[in-house]
Amino acid sequence: VSTQSTGNVTYPQLSKIDHLWVVEEWLPSIGLNQYKGSFRENLVDGRVLNSLTKKDMERHLGVIERSHQTSLMLGIELLAKFNYNLENLNKKRTAVQHIDS
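A quick note: this is a predicted structure, and the numbers were derived from the prediction, not measured.

The rules behind the values
Residues numbered from 1 in each chain as written. Predicted model: local features only at pLDDT ≥ 70, side-chain atom pairs only at ≥ 80, totals over all residues. Heavy atoms only, no water. Helix = DSSP H or I, 4+ residues; strand = E, 2+ residues; numbered from the N terminus. Buried < 20%, exposed > 50% of the residue type's maximum accessible area, 1.4 Å probe, protein only. Salt bridge = Lys/Arg side-chain N within 4 Å of Asp/Glu carboxyl O. Axes fitted to C-alpha atoms, helices over the stretch in contact; angles between N-to-C directions. Parallel < 35°, antiparallel > 145°, perpendicular 65-115°, else oblique. Contact = heavy atoms within 4.5 Å. Nonpolar A, V, L, I, M, F, W, Y, C, P; charged D, E, K, R; others polar.

Caption draft 1: The arrangement of the overall build of the protein chain in detail. Within the protein chain, the secondary structure is distributed over six helices and two strands. Counting from the amino terminus, helix and strand elements in the protein chain follow one another as β-β-α-α-α-α-α-α. Across the 101 residues of the protein chain, 32% fall into the buried class.

Here it is in structure tokens:
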């Protein structure tokens with residue numbers, strides 16, 4: 001199993017997040033559909049998300065709007081809190097879904 005390490009944290013699930021999930025599931029879920037093309041073109045997957053900086057967002061992905069950068073960074077932070085484990089993220093999403101209703 002491939003792992004990605006950031007500082008002292010290792011995310012064994014990181015390699016399971018492919019660019020298709022990032023583009024088709026994650027970006028729409030955080031309301032940033034307009035970046036699907038640049039994320040797809042740059043094959044942004046879990047490993048890339050984990051190392052993405054605001055400078056990278058501007059230079060390589062065309063994310064200039066500061067509020068959009070913040071949304072992306074908070075979304076990445078949430079993924080990290082769930083250790084990039086999509087199964088656990090989906091369980092939590094299902095468990096709290098009724099709160100917004």
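Let's pick the thread back up.
Caption draft 2: Main features of the pattern of salt bridges. Tallied over the entire structure, the rule returns four salt bridges. The shortest N-O distance in the salt bridge between Glu58 and Arg66 comes to 2.4 Å. For Glu58, a relative accessible area of 29% translates into the label partly exposed. Judged by its relative accessible area of 53%, Arg66 falls in the exposed class. Taking the shortest distance from any N to any O, the salt bridge between Glu87 and Lys91 comes out at 3.4 Å. Of this pair, Glu87 and Lys91 are both found in helix α6 (residues 86-96), four residues apart, which corresponds to roughly one turn of the helix.

Caption draft 3: Geometry of the packing of helix α1 (residues 19-29) against helix α5 (residues 66-81). Between α1 and α5, the least distance of the axes is 12 Å, while the angle of their chain directions is 110°. With respect to α5, the element α1 is oriented roughly perpendicular. Judged by residue contacts, Trp21, Trp26 and Leu27 of α1 engage Leu72, Gly75, Ile76 and Leu79 from α5. A breakdown of the residues in the contact of α1 with α5 according to their chemical character gives six nonpolar, one polar and no charged.

Caption draft 4: Here's a closer look at the environment of Glu87. The exposure class assigned to Glu87 is exposed, which follows from its relative accessible area of 53%. Considered as a pair, Glu87 and Gln13 are 74 residues apart in the sequence and their alpha carbons are 9.9 Å apart.

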